[in-house]
Amino acid sequence: METFVQSIVSGLLTGSLYAMIGVGLTVIFGVMRIINMAHGEMVMLGMYGAFLSISFLKVDPFLSIVLWIPIAFLIGVFIYRFLLKNIVPAGELNTLLYTAGLSLFIANLVLLIGTGDYRTIKLKYAIMPLRPFGISVPIPLAIAFGMAILITVALYWFLARTDTGRAIRATSQEPEAAALMGVNVDRTTIITFALGTALACAAGVLLAPSLYLYPTVGEILVAKCFVIVVLGGLGSVPGAIAGGLLLGVVESLGAVYVSVPYKDAIGFVIFLLVLLFRPSGLFGVGKS
Amino acid sequence: MKKIIIALAIFLLFAAPWIVSAPFFVHLMIMVLMWTVLGASWNILGGFTGQVSFGHSTFLGAGAYTTMILFLKLGIAPWYGIPIGGLVAALIALPIGFICFRLRGPYFALSTLAVAEIIRLIALNWESFTNGPVGLLITTLPDVTFGGRSIDWENKVPFYYIIAVIALAAIVATYIMSRTRLGAYSLAIREDIDSAEAIGINTVQTRVAALSLSAFFAGVAGGFYAMYFRYIDPDAVFSIALSVEMVFIAVVGGLTTVAGPLIGAIVLVTFGETFRQIFLVGHLIFYGLMMMIAIRYLPEGIWGRLRLWLGAQH
Amino acid sequence: MALLTVKGLTKYFGGLRAVHDLSFEVQPGEILGLIGPNGAGKTTAFNLIAGFIHPTRGQILLDGEGIAGMKPYAVTRKGIARTFQIVKPFKKLTVLENVTLAAFLRFPSRGEAEAEARRVLERMGLGSKISALAVDLTLSEQKRLEIARALATQPKLLLLDEPMGGLNATEIEQASILVRDICKGGVTIIWVEHVLKAIMNSSNRVIVINQGEKIADASPGEIVENPQVIAAYLGTKKR
């Protein structure tokens, strides 16, 4: 029983970070109707950002998030304004291919600048895990979880209460009606893309102390991200959150109760089934 | 005029190892030709029918493992195993096609990615069959004579001629496809799938046929890969990276054209391998960059643009 | 025997009733007009007959053979061809390639298919445009291309979905002559149209649909006098 609870808790902790990455991707899809294959590289950049913070700036990675979020936002603005904006009119498939190229470019650029060595971040306060109610909770993951919750709450407030946030939601549901209502679709798009990028980056910063860093980590992350976003329903923020948490828990339980290797395959099989039979997501809230 | 150029090209193809015999260059040419086959394979589906697959390494891997297993466990020589590998790949394309073609556009692309990953994970875990992550290794290739002489497998040249023949076959197959009903129907599907249905085209059947032909060549290339590199494991032959590289070669070279994959392979592989020699890592950066340039400025590919330019000259 | 028999055709989209209990026959060699206010269900009826959507209830018989639920390509093979309200040519292919693709259905070899395509294009007055890209044609030419493509499949029955939309008066006149010619060539026609003058002048019979139901089925002359039809289009006077 204890193992079961331990699995669930670990799954939820990691899942919260998957959820953040997923929210970033789904928000971009909702407004732009594009699948951003370079999303994983944004997470990777966040992870390296955290690494640089502790290695060179001697700043705790969790504090450095304050620096990296705005930088990531600006990078997102840059990528959309100078690269993607010209490609999106050419169609979903062309954009998919373009972002695939971008993904390869960024990952290999990092590979060239640094090296391909696997890196880890060791934090002095993180050696011993916390043990609430006898459940082992690694400190970095706990902090990450807490910050992920804060960021998600902030995001909700932003989407629900601010004009820009409402503009994003409106454009996501009905782009033409939103434009007719006076929403500046171009500005909304640029903000959405930058927001999605910043979320991915932030998730990377938070994840860095708990995962191995290497330049091509984006590849497997983006694959998991697609699973989350499709399960939760494309374009749905609550769906992505639920999908992320679900994936975290399923992976965690799978590692304990199912033989370790095949657990990743289960995710993809479910992904295929949902794509084929329930394209609007497990909860039926997605767009196709 | 065109026939003279083609004849010259074929002559050069077979004379090349005599002209440039340094091992690095022969290896480079082998890689260019192997990727031509892979690019041509992807082009048959992605170029002609417009269905973008991100999971083509499934077929490469299927061919590779078939060839390896037939040789290591049953003693069947690779030159028989390679075409059989192609057939196995073509066969598994049938159920994959029937499942994935229910989806369109980017969703089809994602589903092929999922299928490829599932198969990679199966190969990784089914150790009794595939040896799992340890992989399969060929230590010695069988003794065989050709034209009275025993083939020296330590020399790269015999491999060159094998892949040259396969590459020629792939290009000819693409050409034949473009001239027949299958090619025409594929283009219709690429343009407007509903209109295609309206004029009596069974779009599922056509796409599955294209996928099968495409898978055959990817499988054959996979079998060659196994024979040339002599070692395969699931992460090498079922990887997303390989799938993505195939897409890039076909797109950058020129979709729906016959020579596009060859041009794409020449450009990308030459730069890539040379880059790799100098910098050792990160050679795919060039692939990423070329893809972005192609989509933005050369959507018809390098060869597609050259053709237009040459056409305008006359 | 009737060429096409539609019996009790019904289609619901979720809770929305698009077509309800539609029944009619089409005799070989006639031109049947299908009219009705916007949103009446005319294009839905076409999509049902051509196989693009499947009925909730009802039968569709071609030469006595049930075709409801067949895929579009199968319906085309049986002998029903259709055009689209908003033309869908294969834009980046030439006019000749567009029609050759359709001709492949009955002529599997490229040489024969191309020859048939040329014949059909000549008949449609597009002989001088065979090398042009479909996207470069005028709207009127694109509509003729759409019809040529449909005819190349050698249909028994041709479904024309608002072929006059967007055409000027001269072009409408030419199109009406074309439609009559096609019928004389042995193809039965059902056409949906909003340009009432054209459809009344060229049809043998007219069916009026309103809110998914058939409200009239008679000759053009009788239809214009029918009070229910007038009410459907103009509304009833409130006293």
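Structural notes, computed from the coordinates. For clarity, every value in this text was computed on a predicted model and none was experimentally measured. (Residues numbered from 1 in each chain as written. Chains lettered and ligands numbered in written order. Predicted model: local features only at pLDDT ≥ 70, side-chain atom pairs only at ≥ 80, totals over all residues.)

Some details on the overall build of chain C
As a reminder of what qualifies: Secondary structure counts use DSSP, requiring at least four H or I residues in a row for a helix and at least two E residues in a row for a strand, with both numbered from the N terminus. Computation of the radius of gyration draws on C-alpha atoms, with the globule rule given as 2.2 Å multiplied by the number of residues to the power 0.38. Counting other C-beta atoms within 10 Å of a residue's own tells you its class, since 20 or more makes it buried, 12 or fewer makes it exposed, and anything in between is partly exposed; those C-beta atoms are placed from the backbone. In this description, any two residues whose backbone-derived C-beta atoms lie within 7 Å of each other are considered to be in contact.
Across its full length, chain C holds 9 helices and 10 strands. On C-alpha atoms alone, chain C measures out to a radius of gyration of 18 Å, which is about the 18 Å that the 2.2 N^0.38 rule sets for 239 residues. A principal-axis box enclosing the C-alpha atoms of chain C has dimensions of 65 × 40 × 35 Å. Within chain C, the fraction of its 239 residues that count as buried is 44%. In chain C, of all internal contacts separated by at least 6 residues, the share reaching a separation of at least 24 is 63%.

What to know about the arrangement of the chains
Once contacts are tallied for each of the 2 pairs of chains in contact, the highest total is for chains A and B. In this structure chain A stays clear of chain C, and the shortest span between their C-alpha atoms is 15 Å.

Some thoughts on the interface of chain C and chain B
Filter applied, for reference: Throughout this entry, Asp, Glu, Lys and Arg are counted as charged residues, while Ala, Val, Leu, Ile, Met, Phe, Trp, Tyr, Cys and Pro are counted as nonpolar. The remaining residues, Gly among them, count as polar.
With 18 residues of chain C at the interface, the matching set in chain B holds 17 residues. Ranked by residue count, the leading element in the side of chain C that touches chain B is helix H2 (residues 72–78) of chain C, at 4 residues. Grouping the amino acids of the side of chain C that touches chain B by side-chain chemistry returns 9 nonpolar, 2 polar and 7 charged.

A short note on the sheet that holds strand E10 (residues 213–218) of chain C
Residue and element names in this part refer to chain C. Just so we agree on the cut-off: Here, a strand pair is defined by DSSP locating no fewer than two bridges between the strands. Think of each axis as a best-fit line through the C-alpha atoms, taken over the contacting stretch in the case of a helix, with angles from 0 to 180 degrees between the N-to-C directions.
Taken in spatial order, the 6 strands of this open sheet run E6-E7-E8-E3-E9-E10, and their pairing is mixed. Among the strands making up the open sheet, the edge pair consists of strand E6 (80–82) and E10. Direction aside, the axes of adjacent strands within the sheet are offset by 20 degrees on average. Across 5 bridges, the pairing between strand E9 (residues 205–210) and E10 is antiparallel. Residue pairing for E10: asparagine 210 is matched across the bridge by glutamate 213. Set on the sheet, helix H1 (residues 42–50) makes contact with strand E3 (31–35), E6, strand E7 (157–161), strand E8 (188–192) and E9; between it and E7 the angle comes to about 150 degrees.

A few points about the interface of chain B and chain A
Listed as interface residues are 33 residues of chain B and, on the opposing side, 32 residues of chain A. Going through the elements one at a time, helix H5 (105–125), helix H12 (240–253) and helix H14 (284–297) of chain B are the ones with two or more residues in the side of chain B that touches chain A. In terms of residues, the side of chain B that touches chain A owes the most to one element, H5(B), which gives 15 residues. Tallied by class, the residues present in the side of chain B that touches chain A amount to 25 nonpolar, 5 polar and 3 charged.

Things to note about helix H8 (residues 181–191) of chain B
Counting buried residues along H8(B), 9 of its 11 residues qualify, which places the element largely inside the surrounding structure. Within H8(B), the full set of buried residues consists of B:Gly183, B:Ala184, B:Tyr185, B:Ser186, B:Leu187, B:Ala188, B:Ile189, B:Arg190 and B:Glu191.

Some details on helix H10 (residues 203–229) of chain B
Basically, it comes down to this: A helix is expected to span 1.5 Å multiplied by its residue count minus one.
When the terminal C-alpha atoms of H10(B) are compared, their 38 Å separation across 27 residues agrees well with the 39 Å that a helix rising 1.5 Å per residue should span. Counting buried positions over the 27 residues of H10(B) gives 22, a clear majority of the element.

Quick word on the packing of helix H1 (residues 2–32) of chain A against helix H5 (residues 139–161) of chain A
Residues and elements named next belong to chain A. The line we're drawing: Whether a crossing is left-handed or right-handed is set by the direction in which the near helix is turned from the far one by less than a right angle, anticlockwise for left-handed and clockwise for right-handed.
At a closest axis distance of 9 Å, the pairing of H1 and H5 adopts a crossing angle of 35 degrees. Between H1 and H5 the crossing geometry is left-handed. In contact with Leu13, Ser16, Leu17, Met20 and Val23 of H1, H5 contributes Leu141, Ala142, Ala144, Phe145, Ala148, Ile149, Ile151 and Leu155. A class-by-class count of the residues in the contact of H1 with H5 yields 12 nonpolar, 1 polar and no charged.

Quick word on the nonpolar core
Worth spelling out the cut-off: One nonpolar core equals one set of buried Ala, Val, Leu, Ile, Met, Phe, Trp, Tyr and Cys residues connected by C-beta atoms within 7 Å.
Core analysis: the biggest nonpolar cluster contains 267 residues, and A:Ala202, B:Val37 and B:Met291 have the highest contact counts within it. Beyond its immediate sequence surroundings of up to four residues, A:Ala202 is in contact with A:Met20, A:Gly46, A:Ile65, A:Trp68, A:Ile69 and A:Ile151.

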